[in-house]
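Structural overview for review
The residues making up each chain are set out below.
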Amino acid sequence: MIDIHHHLLFDLDDGSQSLEMSVSMAAMAVEDGITHVVCTPHANERFPYQPEVIRERLNAVEEVLLAKGIGPLALGIGCDFHLMYENVEDALHRPTRYTINQKNYLLVEFPDFSISPNTNETLYDLRLSGMTPIITHPERNPILAKQPERMGEWLSTGSLVQITAGSLHGRFGQTAQKTCHWLLERNWVHFVATDAHNLTSRPPQLRAAYDAVAEKYGDETARRLCVTNPLAVFEGRPLATQPDLLDIGKDVDTLHASASRKNNRPGFLGRLFSRD
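Small disclaimer: the values here were computed from a predicted structure and weren't measured. (Residues numbered from 1 in each chain as written. Predicted model: local features only at pLDDT ≥ 70, side-chain atom pairs only at ≥ 80, totals over all residues. Heavy atoms only, no water.)

In this section: the sheet that holds strand β1 (residues 2-6). Overall, parallel pairing links the three strands, which are arranged β1-β2-β4 in an open sheet. Strand pairing shows two members of the sheet lacking a second neighbour, β1 and β4 (74-77), which therefore form its edges. Across the sheet, the axes of successive neighbouring strands diverge by a mean angle of 20°, strand direction being ignored. Relative to the sheet, helix α2 (residues 51-68) contacts β2 (36-39) and β4, its axis offset from that of β4 by approximately 175°. (Pairing = 2+ DSSP bridges. Helix = DSSP H or I, 4+ residues; strand = E, 2+ residues; numbered from the N terminus. Axes fitted to C-alpha atoms, helices over the stretch in contact; angles between N-to-C directions. Contact = heavy atoms within 4.5 Å.)

Turning our eyes to something else, we now look at the pairing of β1. When you tally the buried positions in β1, you get five out of five residues, the bulk of the element. One ladder, built from three bridges, connects β1 with β2; its direction is parallel. Note on β2: the bridge partner recorded for His 6 is Cys 39. Once the chain exits β1 it traverses helix α1 (residues 19-32) before rejoining the sheet at β2, and the crossover so formed is right-handed. (Buried < 20%, exposed > 50% of the residue type's maximum accessible area, 1.4 Å probe, protein only. Right-handed = clockwise from strand over helix to strand, strands pointing away.)

A grouping of Asp 211, Glu 215, Asp 219 and Glu 220 is seen on the molecular surface, where their side chains present a negatively charged patch. Of all the secondary structure elements, the ones that give two or more residues to the negative patch are α9 (207-217) and α10 (219-235). Following the sequence through the fold, Asp 211 ends up in helix α9. The exposure class assigned to Asp 211 is partly exposed, which follows from its relative accessible area of 41%. (Patch = residues over 30% accessible without salt bridge, like charges linked within 9 Å, V, L, I, M, F, W, Y side chains within 5 Å. Areas by Shrake-Rupley, 256 points an atom, 1.4 Å probe, with all protein chains shown as cover. Salt bridge = Lys/Arg side-chain N within 4 Å of Asp/Glu carboxyl O. Lys, Arg positive; Asp, Glu negative; His and termini not counted. Charge placed at Lys NZ, Arg CZ, Asp CG, Glu CD.)

Glancing now at the packing of aromatic side chains. Under the criterion given, the structure shown has four aromatic pairs. Ring centres of Phe 110 and Trp 154 lie 4.9 Å apart, and the angle between their planes is 5°; on these two criteria the pair is classed as stacked. With Phe 110 in the loop between β6 (105-109) and α4 (119-128) and Trp 154 in helix α6 (residues 152-156), the pair connects residues that are 44 residues apart, well separated along the chain. By the burial criterion, Phe 110 is buried, and Trp 154 matches it. Taken together, the ring pairs connect Tyr 49, Phe 81 and Tyr 98 into an aromatic cluster. A cation sits over an aromatic face here: Arg 140 above Phe 172, 4.5 Å from the ring centre. Positioned above the aromatic ring of Tyr 210, the side-chain terminus of Arg 207 is 5.2 Å from the ring centre. (Phe/Tyr/Trp six-rings, centres within 6.5 Å; stacked < 30°, edge-to-face > 60°. Lys NZ or Arg CZ within 6 Å of the ring centre and 35° of its normal.)

To continue, consider the packing of α1 against α2. It is at 10 Å that the axes of α1 and α2 come closest, and there the two elements cross at 60°. Relative to α2, α1 is oriented oblique. When you trace α1 past α2, the crossing you get is right-handed. Across from Leu 19, Ser 22, Val 23 and Ala 26 in α1, the residues of α2 making contact are Ala 60, Val 61, Val 64, Leu 65 and Lys 68. Here the contact of α1 with α2 is composed, by residue class, of seven nonpolar, one polar and one charged. (Parallel < 35°, antiparallel > 145°, perpendicular 65-115°, else oblique. Left-handed = near helix turned anticlockwise from the far one by under 90°. Nonpolar A, V, L, I, M, F, W, Y, C, P; charged D, E, K, R; others polar.)

A word on the nonpolar core. Counting 74 residues, the largest nonpolar core has Ile 4, Leu 75, Phe 81, Phe 110, Met 151, Ile 163 and Val 192 as its most contacted members. When residues no more than four places from it in sequence are discounted, the contact partners of Met 151 are Ile 135, Pro 138, Leu 144, Val 161, Leu 183 and Trp 188. (Core = buried A, V, L, I, M, F, W, Y, C linked by side-chain atoms within 4.5 Å.)

Attention now goes to the confidence of the model for the chain. On average, residues of the chain carry a pLDDT of 92, and 90% of them reach 70 or more. In this model residues 250-264 is a low-confidence stretch, pLDDT under 50, and it forms 15 contacts with partners more than four residues away in sequence or in other chains. (pLDDT = per-residue confidence, 0-100.)

Okay, the side chain of Thr 179 next. Looking at the element boundaries, Thr 179 is found in helix α8 (residues 174-185). The class of Thr 179 is buried, set by a relative accessible area of 6%. Residue contacts for Thr 179: discarding those within four places in its chain leaves Glu 139, Ala 145 and Pro 148.

Listed below in structure tokens is the structure:
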């Protein structure tokens, strides 16, 4: 299995707090059947994104894993990209700075308390710059968990969705669990990832989620969400043909046309923070 969202690297954010913890998390992931991990520290106002430091931490972890014979485990680099002005402005000028393995997929975390009505156009701008946005854990976002249908327009214009493994078996509450299944029933999910932060409350384990998806939606779906799709992201390849999105409102058919009329739209900053 391939985990594309994992706070494995130590002393960077609220994930692993030591080299020893990082190594233990990696060992737990291997034992669970995970073969690839994208290390995705937060990139937000609280935790600055520092690629050079991230690479140093990755090298330190890899050295210990090799010395201890833990593996095989392929480690990559990305980030948990908070959708805020400073990040988006920088990413539009330096797309591969934030993407997974410096290729073309970007994990996008939404704010908990407000979502701009112009989000679809912001996501479109990221795509125009060569990035494919992956919306992370919408089932745990207070706004999107209550109104998951809002994501229909973003999905219809090319964004993807990742849910959290722990959400599938109730680790984040009934609302998150029900939202996961609402999304899965409509084929609105492309990835399941651990979003691991530690060894206990948010562990690096995917197997139970794989089994839960396989039992309810079939092994083919579980493999697509936990192996095939995330491996394509890790390697920077296009996803294979996905099941049709269900229950997308008819009005979203106009979004492609409106998004393409860039010359008639307000500037990026005005759109991102518009109150209209």
